[in-house]
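Secondary and tertiary structure notes
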Amino acid sequence: MLEENVLDSIASAEQRASRDPHGMLDLVLKFPAQCREAANITWHYGVGASEAVEIRRIVVTGLGGSAIGGDFLRCLADEYGPIPVLVNRDYHLPHWVNRNTLVIAASYSGNTEETLQAIRDASRAEAQIAVVTSGGKLADIAKQASYAYALVPGGQPPRSATGYMFFPQLTYLAHRSLLRHQFEHDIEETLSILESLAKRLGPDVPTDQNPAKQLARALYGKIPVIYGSQGYRGVVAYRWKSQFNENTKIAAFSNVLPEQNHNEILAWVQAQKQAPNWAVIFLRDPNERFENPRIVRRVEVTTELIRRVAPVYEVLAEGESLLARLFSLVYIADFVSVYLAYLYGVCPTDISYIDYLKAELAKLG
Ligand code: PA5
């Protein structure tokens with residue numbers, strides 16, 4: 001049963017303490033400041049990697065909350081090139097990685113076994129290596145091997161440290177002239193939109209004026225399916241799904257158009273027989289009608305079909321720059337997933353199943 005008024009009784013940290021004992025919402029509220037700090041984190045440029053070697057490809061290797069920053073980087077590289085970025089979420093790197101590949105190993109804890117294995121692959125392939133971490137074994141490896149590394153502040157859940165894990169990657173690529181774009185203005189715009197969202201979606205804004213609380217309420221008891229209308233919204237849809245999984249501890253699914261229109265659209269014929277309680281969220285971009293009017297029509301028709309069996313909600317990106325639009329959508333998910341966790345009465349920070357799994361694997365040695 002949905003407890004009424006839960007979301008309007010959590011304005012102060014004291015009032016939230018029983019629902020959010022480890023303060024996930026406080027970390028969400030501090031996210032704009034985290035991003036500002038992260039954009040200025042110092043890189044230690046290693047003496048081991050030769051910056052004279054031409055970089056032809058970039059691989060970001062990481063998992064979960066640390067990998068998503070690589071996805072954001074890929075979106076920017078797709079827009080501003082000239083080098084392709086691939087995100088590797090596995091123990092091993094693709095076999096084409098070589099000395100002309102820049103491998104960025106991203107692990108917030110610095111102890112994720114897949115990432116530690118992947119950096120060994122990168123070293124064997126004589127790739128150029130850069131590391132973003134808060135410490136752990138990865139920091140030790142970076143220092144010993146004299147890789148370039150950025151040490152970010154530790155002590156919080158990786159999924160709440162996306163700013164720390166992403167912005168140093170952006171500044172490293174800028175340092176190596178691997179993006180054809182100046183980001184100073186975009187970063188300022190992004191920070192100012194994040195600050196504004198924090199005010200508009202924060203816990204002290206009552207539900208009737210707070211779209212994040214309203215969406216959380218609408219999603220209570222539902223299985224969220226998040227669709228990106230196109231491009232970077234697909235990456236952000238996956239982030240929304242992951243935030244519902246990790247913060248809210250619920251099943252959620254994501255996909256992106258136009259691909260969804262070629263297969264998953266047919267799932268809605270029978271979806272209600274599988275479960276009666278789906279809810280769809282479309283992540284939209286204010287510019288999509290100029291970039292590709294056919295996508296707008298695709299969203300309209302897809303929405304019409306889904307509305308026969310499930311409610312459809314829309315969330316619109318804010319800002320001019322790609323960076324701001326991407327981060328605005330990312331940030332809204334932080335609020336919605338934490339508010340929904342409050343409604344379910346689960347701790348947003350808890351990751352006991354992940355911890356259990358890692359402990360079982362550790363027994364293998
Ligand atoms: O959000 C989380 O806690 C996870 O998705 C972690 O990011 C994931 O397990 C990888 O750990 P790390 O980010 O420390 O490399």
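The structure presented is a predicted model; accordingly, all values stated were derived computationally and were not measured.

Inspection of the secondary structure puts Ser146 in the loop between helix 6 (136-145) and strand 6 (148-151). A relative accessible area of 21% places Ser146 in the partly exposed class. Measuring from C-alpha to C-alpha, the distance between Ser146 and Ala130 comes to 9.5 Å, with 16 residues separating the pair along the chain.

With that settled, the discussion passes to the domain arrangement of the protein. Domain assignment breaks the protein into domain 1 (6-21 + 205-344) and domain 2 (33-181). If you average the C-alpha positions of domain 1 and of domain 2, the two centres end up 28 Å apart. Where domain 1 touches domain 2, the interface holds 1 salt bridge. Arg159 is the partner of Glu246 in a salt bridge, and the nearest nitrogen-oxygen pair spans 3.3 Å. For the pair domain 1 and domain 2, the number of links is 4 residue pairs in polar contact (both at pLDDT 80 or more).

In contact at an axis separation of 9 Å, helix 5 (residues 113-124) and helix 6 are set at 20° when each is read in the N-to-C sense. Relative to helix 6, the element helix 5 is oriented roughly parallel. Relative to helix 6, helix 5 is oriented so that their crossing is left-handed. Only Lys137, Leu138 and Ile141 of helix 6 make contact with helix 5, whose side of the interface consists of Thr115, Leu116 and Ile119. Taken together, the residues that form the contact of helix 5 with helix 6 break down as 4 nonpolar, 1 polar and 1 charged.

Rules of the game
- Residues numbered from 1 in each chain as written.
- Predicted model: local features only at pLDDT ≥ 70, side-chain atom pairs only at ≥ 80, totals over all residues.
- Heavy atoms only, no water.
- Helix = DSSP H or I, 4+ residues; strand = E, 2+ residues; numbered from the N terminus.
- Buried < 20%, exposed > 50% of the residue type's maximum accessible area, 1.4 Å probe, protein only.
- Domains from an automatic or database assignment.
- Salt bridge = Lys/Arg side-chain N within 4 Å of Asp/Glu carboxyl O.
- Polar contact = N/O pair within 3.5 Å; in protein donor to acceptor, adjacent residues only side chain to side chain.
- Axes fitted to C-alpha atoms, helices over the stretch in contact; angles between N-to-C directions.
- Parallel < 35°, antiparallel > 145°, perpendicular 65-115°, else oblique.
- Left-handed = near helix turned anticlockwise from the far one by under 90°.
- Contact = heavy atoms within 4.5 Å.
- Nonpolar A, V, L, I, M, F, W, Y, C, P; charged D, E, K, R; others polar.

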